Amino acid sequence: MVRLTEKGRFGKYGGAYVSEILMQALLELEESFERIYPKNEFQEEFHRLLRDYGGRPTPLYHARNLSRLLGFKVYLKREDLLCGGSHKLNNALGQALLAKKMGKKRLITETAAGQHGLATVMAGNLCGLETEIFMGIKDMERQAQNVKKMILLGAKIKPVKTGAGVLKDAVSETLREWAECSRTTYYLMGSTVGPHPFPTIVATFQRVIGEEIRQQILEKEGRLPNAIVACGSGGSNALGAFKSFLEEPTVRLYFVEGGGESLTAENSAAAFRLGRPGVLHGSLMQIMQDEFGQIRPSKTRAAGLNYPGRGPEISYLCEIGRVKPCYAFDHEVFEAVRTMGRAEGLIPALETAHAIAYVLKNRGEFRPDDIVVINYSGGGDKDIETILRHFYGS
Amino acid sequence: MVRLTEKGRFGKYGGAYVSEILMQALLELEESFERIYPKNEFQEEFHRLLRDYGGRPTPLYHARNLSRLLGFKVYLKREDLLCGGSHKLNNALGQALLAKKMGKKRLITETAAGQHGLATVMAGNLCGLETEIFMGIKDMERQAQNVKKMILLGAKIKPVKTGAGVLKDAVSETLREWAECSRTTYYLMGSTVGPHPFPTIVATFQRVIGEEIRQQILEKEGRLPNAIVACGSGGSNALGAFKSFLEEPTVRLYFVEGGGESLTAENSAAAFRLGRPGVLHGSLMQIMQDEFGQIRPSKTRAAGLNYPGRGPEISYLCEIGRVKPCYAFDHEVFEAVRTMGRAEGLIPALETAHAIAYVLKNRGEFRPDDIVVINYSGGGDKDIETILRHFYGS
Amino acid sequence: MDLEGKFRELMERKEGAHMAHVYYGDPREEFSLRLIRILAESGADIIELGIPFSDPIADGPTFQAACERALKGGITPTKCIDGIRRLREEGLETPIVVTTYFNIPYAMGFEKFLEEIKNAGAHGILVPDLPAEEAKPFLKLARRMGLHLILHVAPTTSQERLKGILAEASGFVYLISIEGVTGARFKGRKECSAMELIKAVKAQSPIPIMVGFGISVREHAEAMVSAGADGVVVGSAYARIYQKSLDNPYRKIDEIARLAREIKLGCIEGYRNRC
Amino acid sequence: MDLEGKFRELMERKEGAHMAHVYYGDPREEFSLRLIRILAESGADIIELGIPFSDPIADGPTFQAACERALKGGITPTKCIDGIRRLREEGLETPIVVTTYFNIPYAMGFEKFLEEIKNAGAHGILVPDLPAEEAKPFLKLARRMGLHLILHVAPTTSQERLKGILAEASGFVYLISIEGVTGARFKGRKECSAMELIKAVKAQSPIPIMVGFGISVREHAEAMVSAGADGVVVGSAYARIYQKSLDNPYRKIDEIARLAREIKLGCIEGYRNRC
Ligand SMILES: Cc1ncc(COP(=O)(O)O)c(C=O)c1O
Ligand SMILES: Cc1ncc(COP(=O)(O)O)c(C=O)c1O
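Residues numbered from 1 in each chain as written. Chains lettered and ligands numbered in written order. Predicted model: local features only at pLDDT ≥ 70, side-chain atom pairs only at ≥ 80, totals over all residues. Heavy atoms only, no water.

Asker: Sorry, what's going on with the overall build of chain C here?
Answerer: Broken down by element type, chain C carries twelve helices and eight strands. Expected size for 275 residues packed as a compact globule is a radius of gyration near 19 Å; at 17 Å, chain C falls within 12% of this value. Considering only C-alpha atoms, chain C reaches an extent of 45 × 40 × 35 Å along its principal axes. For chain C, the residues scored as buried account for 65% of the 275 residues in total. With the model as given, the accessible surface of chain C reaches about 10,100 Å², and the carbon-plus-sulfur share is 50%. When the 37 basic and 37 acidic side-chain charges of chain C are each reduced to a single mean position, those positions are 2 Å apart. (Helix = DSSP H or I, 4+ residues; strand = E, 2+ residues; numbered from the N terminus. Rg over C-alpha atoms; globule rule 2.2 N^0.38 Å. Buried < 20%, exposed > 50% of the residue type's maximum accessible area, 1.4 Å probe, protein only. Areas by Shrake-Rupley, 256 points an atom, 1.4 Å probe, with all protein chains shown as cover. Lys, Arg positive; Asp, Glu negative; His and termini not counted. Charge placed at Lys NZ, Arg CZ, Asp CG, Glu CD.)

Asker: I tried to follow the packing of aromatic side chains on my own but got confused; where do I start?
Answerer: Each aromatic ring pair is characterised by the separation of its centres together with the angle its planes make. In the structure shown here, the tally under the stated rule is 58 aromatic pairs over all chains. Judged by centre distance (6.3 Å) and plane angle (90°), the ring pair of Phe-334 of chain B and Phe-391 of chain B falls under edge-to-face. Here Phe-334 of chain B, found in helix H15 (residues 330-344), pairs with Phe-391 of chain B, found in helix H17 (residues 384-392); they are 57 residues apart in sequence, far enough to count as distant. You'll find Phe-334 of chain B and Phe-391 of chain B in the same group, each marked buried. A network of ring pairs unites the aromatic residues Tyr-17 of chain A together with Phe-102, Tyr-106, Phe-110 and Phe-138 of chain C as a single cluster. (Phe/Tyr/Trp six-rings, centres within 6.5 Å; stacked < 30°, edge-to-face > 60°.)

Asker: How do you make sense of the environment of Ile-47 of chain D when you look at a structure like this?
Answerer: Residue and element names in this part refer to chain D. Mapped onto the fold, Ile-47 is located in strand S2 (residues 46-50). Judged by its relative accessible area of 0%, Ile-47 falls in the buried class. Residues Ile-47 and Ile-96, 49 residues apart in the sequence, show an inter-C-alpha distance of 4.8 Å. Contacts of Ile-47, omitting those with residues within four sequence positions, involve Ala-20, Ile-36, Leu-39, Ala-40, Thr-94, Pro-95, Ile-96 and Val-97. (Contact = heavy atoms within 4.5 Å.)

Asker: Mind showing me how you'd approach the relation of the copies chain A and chain B here?
Answerer: In this structure, two copies of a chain are linked by a rotation about an axis accompanied by a shift along it. Least-squares fitting of chain A to chain B yields an RMSD of 0.0 Å, with the transformation described by 0.0 Å of translation along the axis and a rotation of 180°. Here the copies are linked by what is in effect a two-fold axis. Residue Leu-81 of chain A of chain A places its C-alpha closer to the rotation axis than any other residue of that unit, at 3.0 Å. Most of the interface of chain A is mirrored in chain B, where 100% of its interface residues again form contacts. (Least-squares fit on C-alpha atoms with pLDDT ≥ 70 in both.)

Asker: Would you take a moment to explain the interface of chain A and chain B for this structure?
Answerer: Accessible area lost during the coming together of the parts is what is often quoted as the interface size. In this assembly, 44 residues from chain A lie in contact with 44 residues from chain B. Summed over both partners, the interface of chain A with chain B buries about 3,800 Å², with 54% contributed by carbon and sulfur atoms. Counting the surface chain A buries against chain B, the share from its top three residues, Asp-52, Gln-145 and Leu-152 of chain A, is 17%. A salt bridge links Lys-220 of chain B to Asp-52 of chain A; its shortest N-O distance comes to 2.7 Å. The tally of links from chain A across to chain B stands at 23 residue pairs in polar contact (both at pLDDT 80 or more). Put simply, the parts of the chain that give the side of chain A that touches chain B at least two residues each are helix H3 (40-54), strand S3 (60-62), helix H4 (64-70), helix H6 (115-127), helix H8 (144-152), helix H15 (330-344) and helix H17 (384-392) of chain A. In terms of residues, the side of chain A that touches chain B owes the most to one element, H3 of chain A, which gives seven residues. Within the side of chain A that touches chain B, the residues separate by chemical class into 22 nonpolar, nine polar and 13 charged. (Buried area = accessible area lost by both parts, 1.4 Å probe. Salt bridge = Lys/Arg side-chain N within 4 Å of Asp/Glu carboxyl O. Polar contact = N/O pair within 3.5 Å; in protein donor to acceptor, adjacent residues only side chain to side chain. Nonpolar A, V, L, I, M, F, W, Y, C, P; charged D, E, K, R; others polar.)

Given below as structure tokens:
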């Protein structure tokens, strides 16, 4: 009976703090994942879809104009070119296939930027599974385009009005829903958060990012990069990029969270700066909370970073100093969008722009002969209205 | 002096019917293209960008759910996964690089769906060239999102109010502008239309699509496909897909144009059905026109197909029977969008959906053991508002 | 009186137990204090005193709203614990079980938290997001301090885990009657699975069984207790009454008292009808 | 009188030629007929009669609008050709050059089109989107039919092509003065390139040179003719006058006549000032 607990720990972080109702579903999931994932049949189908449907491998692009601007060599790992426009599909495809093999009939999940919800519907349709997406009403407004796309693809959207109407509340609501239907329904967790085994499953499906980076940079440069920079909240794109380099002491790893407007309690999503360990949504992790343990709402213009918790594995890696937690402020992020657009013709997602903003601001941390890989987690299509309103008014 | 004319002909089609002012620019362009394109330096840079920036090769995806629905094997050539969301970047990158090597300082072009304009700004920024985009005001409304993206990337947008405010008028206006500045400015033609050498240049840069299809289908199936289906107006994505198969008599080639609401003069863009040979925008080609030779405005919900002319090469290939000209009606196209979304989780561009709609409607033309490749020229992000308004009202 | 004493007393009286669940501080502390006293007077044998949490993932809309109101009103875990102390000072003898999500005791330090509630006068603690596996490190601690750390079982709990949970259970076992969240209503089929689960637990352990989630009327209570449960938990049903009159929830006290008496009657009748 | 005769006559009179360009049918046929007669009376030596086209890519906003209006009014190439016939029937002797974009004659069949305009009384044809290379198949045809197919040269024309064009040119050569479209206004630097081009053409060929694009006032005409041009083309400048009064363009006839006389004066003075 302790098996699960031991496996799902990263240092003190992790675990499975959920209602008794869900324990069986989690154990079933753990068992199924361990049994199904290594199978040839699964691997083949998964990799066929990643390649032919998703567009993997995604390129590792030497951004020459940006490099010139910065004074060192910058590569972008182009997850924006993955089908759906972000890294989210890696995970959604993997889990949807898993759900299908487990005999589930329906996927539920929550989404903030809409990217994960979209990826889930896409994967669900591919696998012939119904999909229902929980989304905070505030996020629905901010990501209206993605909401519409999900509807068109046949997903049911459940607006979540509780709390602040953002991701945190949507996760809670999905967990509640799952408690009602876990026998037939698969909760397709969108990031490396939630109770064990989700953080492990999601990281496993995202690991492909870093595996490709490693191979590609060796091909292009004959050596490992000096740094990898990724944005994140739950940490899935960052862990995906980092995992192949954890044992490489020469590769510095930077995790950039949403600084929001300023580093004050109500205006930020910088959980590593403003939070401390705690339990939310089934997992012990770094969380923004008040002195009594009440969860604090996060705030950032990037819907996908607007979560008060950092997943257990990234919490652990930051605690032990393997990963450096950093942040970028909203206004720096918008400027980074513009800089990237002018330099490279690319409009990054607001989440992704955090990683870019950090590098732009802290270029002094890197040396002229450094090779820096920015995990370009997604494209800015979903944020285009927000971005333009920022620059040109409404 | 006849060199140009001979080279720029496809049967009777093609040529360079432009103001004397532009002849020198066209000759310079032809000479530069022939000199620069084959160079190793150019090829390397071009292919590096196509691969690392663009995301080539794009996958050839076996759409199993769609295949099941249709009763034969369907592959999608995933140009929607190319950076920018459509095949347009292949051409824009190639020509922008060419412009840079020619010493030009500025790119101008016209755009309808916005995809080509976007691709041009992206390529322009990459190459350090200014960009100015001419766009019909009606198209600007329909493709508001792409307009904003181009502005954000730093392009100047010139709204074209003349005529019907659509692509045809924007092309005219760009030609006029070019007459003023052809010494310093490169006209980056967006499709296989316009005076020689544009149709040849654009087709050359798009040829990569078919080269990849050929290699990929041989890898996957060990044989050539029975049919390739592509949508088009100017014909660039279609020619790109077709060129590697022109000499393969067993490969049927289908070109699907915009049927519009119905096949009546004012409600369609089906130039092969409703037009006849004529000269517009510098080239002799299939054109919608009245009995006196006045150009008829085309009409279709797909901005990218809303052009009354078919490029000279596709005009020729249809005339000699190598390519079968087909069409799909607007309402069939919207249904095809939905079908594709439900079956494969993909929302195609309205242009692309024409090819899908044709196959859905005419499935009887294909046999159970046929392999059909649909050139999936672009994603539906740019059309999402139009699509949703169609299905759910505003 | 402690939990063991209470269950012994009720057994002697041939009654099922009625545990009333209240989120403390909703909408104001004074009301909660009054509510708890009234419930205790009107047939609640145990008080489940909920410390509001910002993200109550096991609660339905009614209790979510209750938590939100209470937190907006400025409630804190410390004030809740003070509330227990006040209830005791004012003479309340009914056993109290504190319910809260894990992050609240975790934030204070679990041991300190247990100390505090114990000192204030609570008899047990119930953490909806602390399944047996995660509870393990705390079970001994609670026992040593003389507090019951209540474990849950649910219709989804496997035979194997049921055995493990019952081996560790203390005070009573909280039997989640349905798959869902608090405040749900029974639907025909789901009731069955609760009945079966009661039988399974009874067959393996002498520990008292309290059935919660979705119990809102006398008939539910009767059905559960007659099926072998030692009692039922009613919570959202009470909140649903006073939340209709939030500006003056006191107006609903009588109605709540009536429901409490009804539930208690169900618990008594259920016991009588046991076969 | 044909074109050769006209240029001979003007040379004898030591005058530059004034070709007035009108899009026929804008805003109505009757007005165009009147306009042409007035222009001819007021100093236009040649009439460039434009057949409106839906997509006039070499024309600026003024002539674009003119084409659009004329087409909306129902003008067709056939009606334009009938217009030439009517002008001749009514006694107009001024040489007429038909201007139209290539698709118009192509749609009718180029040979048939030439026949028609020839029979109606035109002396030449000018196709802005038919450069020398594409004109090749039609040059002989036109010559055989006794019509001049007018070729263009521009500031961008290379030495090599200039030679080729002049070798084929017939009637006169249309010298595009600036890089741009019709209706543009001169800017300092660009004028220079026209002057140089005039010199280059003059050095290679005795063919008359008509300078067009952007000529709108007497000084332009004077400058061009004094630089060696045999005349100038004015078009948009006339349309710009009557388009301010489209409901009754006749009100502008006097103003147009005045400008035409001014231009003609410029052509005369320019000739005198030749060095
Ligand atoms: C483009 C993009 N990047 C990053 C994130 C953050 O998620 P994670 O921390 O799981 O990578 C999101 C979440 O929606 C996203 O859409
Ligand atoms: C997605 C897409 N497909 C097809 C087309 C049609 O262009 P072409 O005929 O040049 O392929 C366009 C034009 O904008 C487009 O955006």
